[in-house]
Each structure stands twice: as C-alpha cells, then as structure tokens.
Amino acid sequence: MRKIYLEDTPLREAQEKIAKKVRFAPQIEYIPTAKALGRVTAEPIYAKVSMPNYHASAMDGIAVRAEKTFGADEQHPVRLKRGEDYVEVDTGDPIPDGFDAVIMIEYVHQVDEETIEILESVAPWQHIRPIGEDVVIGEVIVPAHHKLRPVDLGALLAGGNVTIPVYKKPRVVIIPTGSELIPPSEKVAEGEIIEFNGAVFAAYLEEWGAEPVIHSIVPDDCGLIREAVKSAVQDADLVLLNAGSSAGREDFTVHVVEELGEVLTHGVATRPGKPVVVGIVEGKPVIGLPGYPVSAYLNLEWFARSLIHRYYGVMENERQKIKATIGRRIVSVMGAEDFIRMTVGCIDGRYIANPLTRAAGVTMSMVRADGLLRISPGHLGYEQGETAEIELYRPLEQIHSTIVATGSHDLSMDVLHTLLRLAHPDRFLVSSHLGSMGGILAIQKGEAHIAGIHLFDEATGTYNQPFVEKYLPGKDVVLIQLVYRQQGWIVKPGNPLGIATVRDLVRPGVTYINRQRGAGTRLLLDYLLKQERIDQADIYGYSREAVSHLSVAAAVAGGTADVGLGIYSAAKAMGLDFIPVAEERYDLLMSGSFYRSEEGAQLLEIIRSPQFVQEVERLGGYNCRDSGSIIYISSHLSPT
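Cut-off values and rules
Residues numbered from 1 in each chain as written. Predicted model: local features only at pLDDT ≥ 70, side-chain atom pairs only at ≥ 80, totals over all residues. Heavy atoms only, no water. 1 Å grid on protein atoms, 1.4 Å probe; cavity = no way out; pocket = protein on both sides within 12 Å on 5 of 7 lines; lining within 4 Å. Points joined across faces, edges and corners; volume = space filled by probe spheres on them. Helix = DSSP H or I, 4+ residues; strand = E, 2+ residues; numbered from the N terminus. Nonpolar A, V, L, I, M, F, W, Y, C, P; charged D, E, K, R; others polar. Buried < 20%, exposed > 50% of the residue type's maximum accessible area, 1.4 Å probe, protein only. Polar contact = N/O pair within 3.5 Å; in protein donor to acceptor, adjacent residues only side chain to side chain. Contact = heavy atoms within 4.5 Å. Expected span 1.5 Å × (residues − 1). Pairing = 2+ DSSP bridges. Axes fitted to C-alpha atoms, helices over the stretch in contact; angles between N-to-C directions. Salt bridge = Lys/Arg side-chain N within 4 Å of Asp/Glu carboxyl O. Right-handed = clockwise from strand over helix to strand, strands pointing away. Left-handed = near helix turned anticlockwise from the far one by under 90°.

Caption draft 1: Summary view of the layout of surface pockets. Computed from the structure, the largest pocket encloses a volume of approximately 1100 Å³. What lines the largest pocket is a set of 36 residues, among which Leu356, Arg368, Ser431, Ser432 and His433 lie closest to the centre. Only helix 7 (364–368), helix 9 (411–423), strand 30 (428–431) and helix 13 (549–557) provide two or more residues apiece to the lining of the largest pocket. Per-class residue counts for the lining of the largest pocket are 15 nonpolar, 12 polar and 9 charged.

Caption draft 2: Structural context of the side chain of Glu337. Inspection of the secondary structure puts Glu337 in strand 24 (residues 337–347). The exposure class of Glu337 is buried, given its relative accessible area of 12%. A distance of 2.8 Å separates the side chain of Glu337 from the side chain of Arg374, its partner in a polar contact. Ignoring anything within four residues of it in the chain, the contact list for Glu337 reads Leu11, Ala269, Thr270, Arg271, Arg374, Ile375, Ser376 and Pro377.

Caption draft 3: Looking closely at helix 12 (residues 520–531). Between its first and last C-alpha atoms helix 12 spans 17 Å; for 12 residues at 1.5 Å apiece the expected length is 16 Å, and the two agree. Along helix 12, the positions that sit buried rather than exposed are Gly520, Thr521, Arg522, Leu524, Leu525, Tyr527, Leu528 and Leu529. Two residues or fewer past helix 12, Arg533 is found with a positive phi of approximately 55°.

Caption draft 4: Just the sheet that holds strand 5 (residues 78–81), in detail. One open sheet accounts for 3 strands, arranged 5-9-8; its pairing is antiparallel. Every other strand in the sheet has two partners, leaving strand 5 and strand 8 (109–112) as the edge strands with one partner each. Direction aside, the axes of adjacent strands within the sheet are offset by 35° on average.

Caption draft 5: Spotlight on helix 9. Taking 1.5 Å of rise per residue, the 13 residues of helix 9 would be expected to cover 18 Å, and the 19 Å separating its terminal C-alpha atoms lies within 8% of that figure. Burial in helix 9 covers these residues: Leu411, Ser412, Met413, Val415, Leu416, Leu419 and Leu420.

Caption draft 6: Representation of unusual backbone geometry in the model. Here the amide bond leading from Met51 into Pro52 is cis, since omega sits at -5°, within 30 degrees of zero. For Pro52, the position within the fold is in the loop between strand 2 (45–46) and strand 3 (56–57). Between Arg271 and the following residue, Pro272, the backbone shows a cis peptide bond with an omega angle of -10°. With respect to the helices, strands and loops of the structure, Pro272 is situated in the loop between strand 19 (270–271) and strand 20 (277–281).

Caption draft 7: How the structure looks around the sheet that holds strand 16 (residues 211–214). Spatially, the 6 strands line up as an open sheet ordered 16-13-17-21-20-18, and their pairing is mixed. In the strand order of this sheet, the two ends are held by strand 16 and strand 18 (262–266), each with one partner. Ignoring which end each strand starts from, the neighbouring axes of this sheet average 20° apart. Relative to strand 21 (residues 284–289), strand 20 runs antiparallel, the two sharing 5 bridges. Each bridged residue has a counterpart across the sheet, and for Val277 the counterpart in strand 21 is Gly288.

Caption draft 8: Highlighting the pattern of salt bridges. Tallied over the full model, the rule gives 34 salt bridges. With its nearest N and O atoms 2.9 Å apart, the salt bridge here joins Glu259 to Arg226. One end of the pair, Glu259, is in helix 5 (residues 253–260); the other, Arg226, is in helix 4 (residues 222–235), with 33 residues separating them in the sequence. On the basis of relative accessible area, Glu259 is assigned to the partly exposed category, the value being 48%. Three or more residues are tied together by salt bridges with common partners; here these are Arg82, Glu88 and Glu114.

Caption draft 9: Structural view of the pairing of strand 29 (residues 402–407). Counting buried residues in strand 29 gives 6 out of 6 residues, a clear majority hidden from the surface. Of the two faces of strand 29, the one lined by Thr402, Val404 and Thr406 and the one lined by Ile403, Ala405 and Gly407 are each fully buried. Strand direction decides the pairing type here: strand 29 and strand 30, joined by 4 bridges, are parallel. Bridge pairing in strand 30 links Val404 to Val430. Crossover handedness for the path strand 29 to helix 9 to strand 30: right-handed. The sheet contact formed by strand 29 and strand 31 (residues 450–453) spans 3 bridges and is parallel.

Caption draft 10: Just the packing of helix 9 against helix 17 (residues 610–619), in detail. One can describe the packing of helix 9 onto helix 17 by two numbers: an axis separation of 10 Å at closest approach and a directional angle of 145°. Remark: the crossing between helix 9 and helix 17 carries right-handed chirality. Between helix 9, through Leu411, Ser412, Val415, Leu416 and Leu419, and helix 17, the contact on the second element is made entirely by Gln611, Phe612, Glu615, Val616 and Leu619. Of the residues in the contact of helix 9 with helix 17, the class split is 7 nonpolar, 2 polar and 1 charged.

Written as structure tokens, this is what we have:
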C-alpha cells in the first residue's frame, strides 16, 4: 500500500480544488441574542419595534412649544408658566402632547415656583429624539452571513429581537493518529510523544467559529484509521486527520481517503507544509495534516480556516502587512513557496525582521513569531538589508513596543524579559541568538536595540570592550555590565567519562557539541584549544553547532553528546553535572538612541533592581555584583 511520492500542487490550486468540490448546507438554529457574540446570521434580521418607540427628550430640561420662544434674547427675555407653557422633563422622558422642543435646564432661569425665564429661542424638535431615530420598525439591522459584534447585539435587542437565527457551528472532528502518541502528561517515557496538536487545532477552530471534537488517539493501523474516518464523516462537517499524511511505511491517510472517497491533492508545493492530504469522503472534506506542528498549523489555516469561512459565507480577514528590512540572509529554492516565521521590531523608525528556525517540527518558532514572510516559488530569497513584506501575527502597536535583542544567549535575558513585562505590561522583548559577534554586527547595522555579548580578548585578558572599540569605532553605543557567569564543561550526571580539561575532548569515544560560529562560548573554546595547541579537527563533534546553552545541555542530557562548553544554569536546568572552567563577563551592548530612550531607562532600572539580582542568582552560576554599571560609553554621551 505504500505510496512513495508526493505531488507538488501549488497551494492556491489545491485550495481551489477543494473549494469547487465542497457544497456545505449549514443548518439554522435560534439562540438568545445576548449569547450570540461571534455567531453568523443565517438570514437578514429586521427591527420588530422602533427605537425609541415614542418621542423622547434628549436632555434634562423643560418641554416647550418652540413658537412661544421665538424672539427671546438677553434684551427681550421670555417668561413661561409651568403647565401652560412648559413642563419639566428628564432625558428619555416622553414628550407630552402639545410640546415640540426641549430647552436644556442650564439655560433656564427660575423666576419663581411657577415661572421661568429664557434668553434665547429654540427650533421645533430641538433636543428631541423622534420615534425611530435609532432603529425603525421593519429596517434591516444586520444582513445574512454577518459575524455578530457586541454593538450588533445591542441594536438587535433594541429592535425587539430576543432570539435570532444563526448558522449552527460547523462540527469538526479531529483524529490524532500515531502509535507513539500519549495523552498530555508530566511523565513521558522514551519513544513516547505527547499529543498536543489536537488541542492547538481545537483552539484555532473555536477562534474561527467551529465546534471541535477531539477523537481518541488512533494507533498506526490502517483498519482502525479507516473506521475512525467512516464514523466521523457521519456527523461532522469537516474531518481532520493528524499525522500519517506523508509517504512513510505507516502513513495511511492517503490510502484511507482514496479507499473511502476521493483524494484531490497529496502534497503542496510549500516549505514547510508539503505532506498534506486533501480529499472528499461521503461529500465531507477530509484534510490529512502533517504531524510536524509548524506544517500542521499552516495547513490548518490554509485549508480548514478557508473551509469554515466558506461554510458561513463570510470573507476571510487578511492580517496587517508591513514592509520590513531583512536582518539576516534568507535562502529559498525555485519551485516551492517558502513560509518563514519572523521576529519583527521597530528600530529608529525602521521595521527589522529576522528569521526564526525553519524546521517544521519546532513549535516554539510559532510561539515566538511576530509575523510570516511568504516567498513565492520563483524567488531565490532575500539578502541582508533588502526589504520584504511581512504578514503580522501581532498588532502593530505591540511591534512598536518591542525591544529587539540579539547576540549571545543567556538565561538572564529571560529573567529580564519577565521582570520587564511585570513592571511594564505594554513592553515586550524578542531575542534571536546570533552569537556575540552577530550581536555586535546587528548593533552596527542598526538592526537591534540591545545585544548580549561575552567576547574574551586574548591580548588584554578582558571581555567585550576591546571588540566594541574595534568593530564600532565612533558608533553611538553604550556597554552595560549585566552578569558574571560560570562557563564550564556540561557533562552527564556523575561525569562518567571523567572530563576535567580541554585535553579530554580529544580522547577516543568522547563526542562534543559546539556553539555556533561567532558565539563567545566558541571563541573561549578556541582560546583554550590554542593554549593547549590542540587541533579543532581532533575533536569529534566540533562542527556540530547549537544556538543556545540550553540546546547544548539538551544534547548532553539526550545522549547525543558527552560534553559541551556552557553555563552552569543550563546544566542545572537539565539535571547535569558541571565542571567550572572560567568566570566570564556577560554584557549588554545598547545603541545610544535606545540607551537614551524611555524604554532604555526602564530596562536599566530593572537591571539595577534587587529583584533582578535575586532572580538571576537563584538560577545558579551567576554573580550580579556589578549589574547595571556602565563599562563603555561613546565619548559624546554622558552616563546617567
């Protein structure tokens, strides 16, 4: 049964195929108007009563006949008698017969209990709300296929509509498949994977107006999957199969859909997201989504979201788009649409966008993404500094309130972000791990507000300042001391291989995991190798790169490496042992404009706070004795 190929159907063509095949016939239900927020109207809804349904006073004051006020001014005041010429009214009161205008109470002078005096005339129907000013009986309040907003509910109730006809929510059955899957749990054995895609799908579907139903996990058995699909299509408007959509030995989705109905598409020309199955079973659309989260979520939006909008007969809202400068080179290939998750920030009036990991299985790339870069099939990508259109996941206001951090990774930056959000909920901090040298270059090019750096200079025996002076001469920058931290060998519990010095890395059977080029940790390793005259090629695993200290620790904990150079807090987080090598200074490099800004002052205040010291030193392996002190400042700036 194994199908060893996937198609390369253009995404738009695949969407059009399913759109032409599906004919939804949504049912109508009547629900209380007050509970109808976000529901879609099944037919036009008309006003059953007028609002107001009587002539009502729009102000607190007196009701009068307008003609009796004509000619009134400061030289010729007009006096009116209670009951005969005027009556008192409050806002919302009916206008008594024989009166056709209202004078505001603040323009009335009381002469005695029965007499008032006015100094200017009023026009007929002034300050009166006529019958039907808001809603007129028989008027269409909202059309059919309208997604109801809070203000719509008020107008509907004002028009006498206590219950209204809406389309029943489309029922979407989610079938997770895979023998390795287990329900969410705090304990996961080797070879088990928590099934979390179903919860994500359900949340998206609820947001789009559907009723999700998560089926129990189905093992990789073609017969069991077939029965699950046959059962689901009986009462579902849409069926989603998760995992098994590719062409592996246990990928049964395409065979099940082919056997029970019709496969319209197996594979779209996108990266990520290629292995998707789109078909029809008993007239119901069935979508086979990839198991990798990023691929699955994108395909869910491309197909399920579009189908739900078709079900309701409403347009899909497009996300806001902006033009941004690309901070790092992005390579694409001909023939497939690339969808790149991006972080976005506004730096000195320019939007800067940097790519997150492109791996289809990295859920956190979606969590951290501020937007999406779509690269057409005929485009080879973007060079650093070029401009591209970014589709935003977050409101533009948040982008403007975001501090863009780059450079070397450190857990103290996570603490800084947390304390920033607590102190200033309208502020955000996004970080990309480019290594210390990458951070310096980002500040040089105006593509970041701050950069974490820890670069050891062999000539002076000091950290960071020599590199700032060398690579940013005359640049408007400030170097702030953040933390001192312990660097050392991260090894398995008990240090079974007896790793003690850099010379142990070249022993047979020792597998190393390195940091990326330009990382301060890698430069420290290279310095240690140079001191001992060790060739990099003699270290097994030297070329394998990790982009963070936690990634190094995870590799050691997972058994794919025996040792890596990193910080104590990362080893502690993974339950690993740590052999100290050196204490180093980890600093924050700031652009001068950010340092002088309100956001810069807020960040510096947090760095100097007791809370920051307490939270960072609790991680272990840190010392904050000089946190917030200025190490280097451009000559034309003055410290604060």
